[in-house]
Amino acid sequence: MIEQAARKPFLYVVVCAAGVAADLGKLITAAQERQWEVGVIATPVAMNGFFDTTAVEARTGRRIRSAWRTPGEPRPFPAPDAVVVAPATFNTVNKWAAGIADTLALGTLCEAAGLGVPIAVLPCVADALAAHPAYRDSLERLRGMGVRFGEPYAGEPGEDGGRPDFGWERALELVERR
Ligand SMILES: Cc1cc2nc3c(=O)[nH]c(=O)nc-3n(C[C@H](O)[C@H](O)[C@H](O)COP(=O)(O)O)c2cc1C
C-alpha cells in the first residue's frame, strides 16, 4: 500500500504596506518551523518596495500573489487553513471592516471570515491614526466577526532610538489558539 504524505496546513500571510514589512521573512521562517506551508498575498502598495519579494518567493517556493487571477486560470493557492495579516495597515483594516474587496488581499480577507478559518491580525498603526473613530469601529466590527488581534504596535522609536520588536510569532500563537 502506498502511504500518502500528510499535507501540511496552508497559511495565507497577507502583507500590507507598512515599514515593518521589511522583516516579513521572520514570520515566514517561524511559520515554516511550526510546520505551516505558507503562501503570501501582498497589497499592491506593499509590492512597491516594502519587502524583498525575491527572497520571500525563494523562501516559500511560491509566487507572491497580489493581482486577481484571470477567469480561466486555476487558483494558485489551496484554500487556507488559517490567515494572518501582518503587518496590517490603517487603510486595509478599515477597508476590510467596511467590506471593500477592490484588491486580492482585501477580497481574500473579506471572504476568510465566512470560511470559518482562524484569522489573526498584527496591526502596525501609529497612535495618531489609531485614534480615528473609524479605526476603533473597524476593530470592534472585525473582533465581532471572530478576528483575533495582537497587541497595538505604533512602530515609534523608543528612548534608545530603536523600534520595539514587532513580535511576528504572536500571529502564529493567535491562529493556533483553540
Ligand atoms: C515608508 C512608509 C511606511 C508606512 N508605514 C505605515 C504603517 O506602519 N502603518 C500604516 O497604517 N500605514 C503606513 N504607511 C502608509 C500606507 O503605505 C498607505 O496608507 C497605503 O495606502 C496602505 O496600503 P495597503 O493597506 O493597501 O497596504 C506607510 C507608508 C510609507 C511610504
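The structure under discussion appears in the preceding block.
Conventions used here
Residues numbered from 1 in each chain as written. Predicted model: local features only at pLDDT ≥ 70, side-chain atom pairs only at ≥ 80, totals over all residues. Heavy atoms only, no water. Helix = DSSP H or I, 4+ residues; strand = E, 2+ residues; numbered from the N terminus. Rg over C-alpha atoms; globule rule 2.2 N^0.38 Å. Contact = heavy atoms within 4.5 Å. Areas by Shrake-Rupley, 256 points an atom, 1.4 Å probe, with all protein chains shown as cover. Lys, Arg positive; Asp, Glu negative; His and termini not counted. Charge placed at Lys NZ, Arg CZ, Asp CG, Glu CD. Near = heavy atom within 4 Å. Polar contact = N/O pair within 3.5 Å; in protein donor to acceptor, adjacent residues only side chain to side chain. Nonpolar A, V, L, I, M, F, W, Y, C, P; charged D, E, K, R; others polar. Buried < 20%, exposed > 50% of the residue type's maximum accessible area, 1.4 Å probe, protein only. Core = buried A, V, L, I, M, F, W, Y, C linked by side-chain atoms within 4.5 Å. Pairing = 2+ DSSP bridges. Axes fitted to C-alpha atoms, helices over the stretch in contact; angles between N-to-C directions. Phe/Tyr/Trp six-rings, centres within 6.5 Å; stacked < 30°, edge-to-face > 60°.

So, about the overall build of the chain. Across its full length, the chain carries seven helices and five strands. Reading the chain from its N end, one meets helices and strands in the order β-α-β-α-β-α-α-β-α-α-β-α. The C-alpha atoms of the chain give 16 Å as radius of gyration, which agrees with the globular expectation for 178 residues (16 Å, within 12%). When the backbone C-alpha atoms are referred to their principal axes, the chain occupies close to 60 × 35 × 35 Å. Within the chain, counting contacts between residues at least 6 apart in sequence, those at least 24 apart form 77% of the total. Summed over its atoms, the accessible surface of the chain is roughly 9,700 Å², and 51% of this surface lies on carbon and sulfur atoms. Here the chain holds 19 positive side-chain charges and 21 negative ones, and the gap between their average locations is 6 Å.

Bringing the site of the ligand into the picture now. Taken together, C16, A17, A18, G19, T43, V45, F50, T89, F90, N91, T92 and C124 make up the full set of residues near the ligand. The backbone of G19 places a nitrogen or oxygen atom 3.4 Å from a nitrogen atom of the ligand. Separating an oxygen atom of the ligand from a side-chain N or O atom of T89 is a distance of 2.6 Å. Within the complex, the protein chains bury 60% of what would otherwise be the 640 Å² of accessible surface of the ligand. Here the shell around the ligand is composed, by residue class, of seven nonpolar, five polar and no charged.

By the secondary structure assignment, A30 is in helix α1 (residues 24-33). Look at A30 and you get buried, because its relative accessible area is 7%. Taking the C-alpha atoms as reference points, A30 and L172, 142 residues apart in sequence, are found 8.2 Å from one another. Once you skip the residues sitting within four places of it in the chain, A30 turns out to touch E169 and L172.

With that settled, consider the nonpolar core. By size, the foremost hydrophobic cluster in this structure holds 32 residues, and its most contacted members are L24 and V40. When residues of this core are traced back to their parent elements, those giving at least two are β1 (10-15), α1, β2 (37-42), β3 (82-88), β4 (119-123) and α7 (169-176). Top contributing element to this core by residue count: α1, with five residues. Aside from chain neighbours lying at most four places away, what touches L24 is V13, V15, V40, F51, V56, A86 and W168. Counting residues in hydrophobic clusters, the runner-up holds 27 residues, among them L104, L106, L109 and L139.

Take the sheet that holds β2 next. The five strands lie next to each other as β2-β1-β3-β4-β5, forming an open sheet whose pairing is parallel. A single partner strand is all that each edge strand has here, and the edge strands are β2 and β5 (148-149). Along the sheet face, helix α4 (residues 104-115) touches β1, β2, β3 and β4 and points at about 125° away from the line of β2. With respect to the sheet, α7 is in contact with β1, β3, β4 and β5, its orientation differing from that of β4 by roughly 155°.

Time to look at helix α2 (residues 53-60). Among the residues of α2, the N-terminal cap falls to D52, whose side-chain oxygen and the backbone nitrogen of T54 are separated by 3.2 Å. Positive phi appears at G61, one or two residues downstream of α2, with a value of about 75°.

Summed over all chains, the structure comprises six aromatic pairs. Ring geometry for Y153 against F166: centres 4.9 Å apart, planes inclined by 80°, an arrangement best described as edge-to-face. Note that Y153 is positioned in the loop between β5 and α7 and F166 in the loop between β5 and α7, a separation of 13 residues in sequence. Overall, F166 belongs to the buried group, its relative accessible area being 9%. The rings of F10, Y12 and F77 are connected pair by pair, giving a single aromatic cluster.

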